[in-house]
Amino acid sequence: QLQKPRLILDNGLRLDGRRPDEMRPIKIELGVLKNADGSAIFEMGNTKVIAAVYGPKEMHPRHLALPDRAVLRVRYHMTPFSTDERKNPAPSRREIELSKVIREALESTILVELFPRTVIDVFMEVLQADAGTRLVSLMAASMALADAGIPMRDLIAGVAVGKADGVLVLDLNEPEDMWGEADMPVAMMPSLKQVALLQLNGNMTPQEFRQALEMAQKGIETIYNLEKEAIRSKYAELKEE
Ligand code: ADP
């Protein structure tokens, strides 16, 4: 599509029928892979990501290990079938950058100092992309780490706020990501009330920025409750077994 469509219709709703402050449906499942130490699938609307965690385990080669903490290795990757045009499976500059951004967010929550001389590997595969893949990947990783029993300061929950046709919108879809005036992914450690990731593409006034952050925080609270529920139901399942 070469021409920008209208993103907010006359009835005030978005192209997918949502209100401006409405998020897409969320689905979280833990323990979906038998060979990983921890795993999860996280879906937000049509964006779907699977994450797998290995470790903490001994670091090879040994000289890459750190004496006082675990090393985090993080890979964000989009599968060739995740986008409407086949994506080249070779890691792009964008994927290398997002791997780093996600690693830095995870480093703020994992208690790496508890596991000196080890490595923790986190792999994320985007199965289907409809905007927001960095946040859904980060949340899938957070759930997989919880599934692996790796101690963390808090879970991570995140959602993007953007601006479409001058209106602030929560949880962007692909047309809004592509044609909107702003895109601001925000991830937090909700109980600690700390920001783990915040980026902004496009432009907002300071007042819009404050309002956008408030919208994001409301969404994050909802997502955080769903994350805690997903972990609780996994443990309930284990108890029954
Ligand atoms: P995020 O996925 O975190 O929102 P971007 O802001 O870079 O990251 O948005 C990229 C979005 O563009 C993807 O979520 C996806 O919906 C869409 N897209 C389509 N084709 C591609 C591609 N080849 N590489 C990356 N993103 C693509």
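Residues numbered from 1 in each chain as written. Predicted model: local features only at pLDDT ≥ 70, side-chain atom pairs only at ≥ 80, totals over all residues. Heavy atoms only, no water.

**Student:** Looking at this model, I keep getting lost on the overall build of the protein chain. Mind explaining?
**Tutor:** Secondary structure assignment for the protein chain yields four helices and 10 strands. Along the protein chain, helices (α) and strands (β) appear in the sequence β-β-β-β-α-β-α-β-β-α-β-β-β-α when read from the amino end. The C-alpha atoms of the protein chain give a radius of gyration of 18 Å, which matches the 18 Å a tight globule of 241 residues would have. Each of the three principal axes of the protein chain carries a C-alpha extent, and together these read 60 × 40 × 35 Å. Sorting the 241 residues of the protein chain into buried and exposed places 48% on the buried side. In the protein chain, once contacts between residues fewer than 6 apart in sequence are set aside, the share between residues at least 24 apart is 67%. Counting only carbon and sulfur atoms, one obtains 52% of the accessible surface of the protein chain, whose full area is about 12400 Å². Separation between the mean location of the 31 positive side-chain charges and that of the 36 negative ones in the protein chain comes to 4 Å. (Helix = DSSP H or I, 4+ residues; strand = E, 2+ residues; numbered from the N terminus. Rg over C-alpha atoms; globule rule 2.2 N^0.38 Å. Buried < 20%, exposed > 50% of the residue type's maximum accessible area, 1.4 Å probe, protein only. Contact = heavy atoms within 4.5 Å. Areas by Shrake-Rupley, 256 points an atom, 1.4 Å probe, with all protein chains shown as cover. Lys, Arg positive; Asp, Glu negative; His and termini not counted. Charge placed at Lys NZ, Arg CZ, Asp CG, Glu CD.)

**Student:** I keep staring at the packing of aromatic side chains and nothing clicks. Help me out?
**Tutor:** Here a ring pair, both rings aromatic, is described through the centre-centre distance and the interplanar angle of the planes. Counted according to the given criterion, the structure contains one aromatic pair. Judged by centre distance (6.0 Å) and plane angle (75°), the ring pair of Tyr-54 and Phe-123 falls under edge-to-face. Placement of Tyr-54 in strand S3 (residues 47-58) and of Phe-123 in strand S5 (residues 118-128) is noted, with a sequence separation of 69 residues between them. You can call Tyr-54 partly exposed: its relative accessible area is 27%. (Phe/Tyr/Trp six-rings, centres within 6.5 Å; stacked < 30°, edge-to-face > 60°.)

**Student:** How do you make sense of the site of the ligand when you look at a structure like this?
**Tutor:** As a matter of local geometry, the ligand sits amid 13 residues, with Arg-94, Gly-132, Thr-133, Arg-134 and Glu-174 nearest to it. Arg-94 is positioned with one of its side-chain polar atoms (N or O) 2.9 Å from an oxygen atom of the ligand. A distance of 3.2 Å separates an oxygen atom of the ligand from a polar side-chain atom of Asp-177. For the ligand, whose unbound accessible area comes to 530 Å², protein coverage reaches 74%. Secondary-structure elements contributing two or more residues to the shell around the ligand are helix H2 (133-147) and helix H3 (174-179). Of the residues belonging to the shell around the ligand, the class tally is three nonpolar, three polar and seven charged. (Near = heavy atom within 4 Å. Polar contact = N/O pair within 3.5 Å; in protein donor to acceptor, adjacent residues only side chain to side chain. Nonpolar A, V, L, I, M, F, W, Y, C, P; charged D, E, K, R; others polar.)

**Student:** Which parts of the structure should I look at to understand the environment of Tyr-76?
**Tutor:** Here Tyr-76 shows up in strand S4 (residues 71-78). With 125 residues separating them along the chain, Tyr-76 and Asn-201 place their C-alpha atoms 20 Å apart. A polar contact is formed between the side chain of Tyr-76 and the side chain of Arg-94, at a distance of 3.2 Å.

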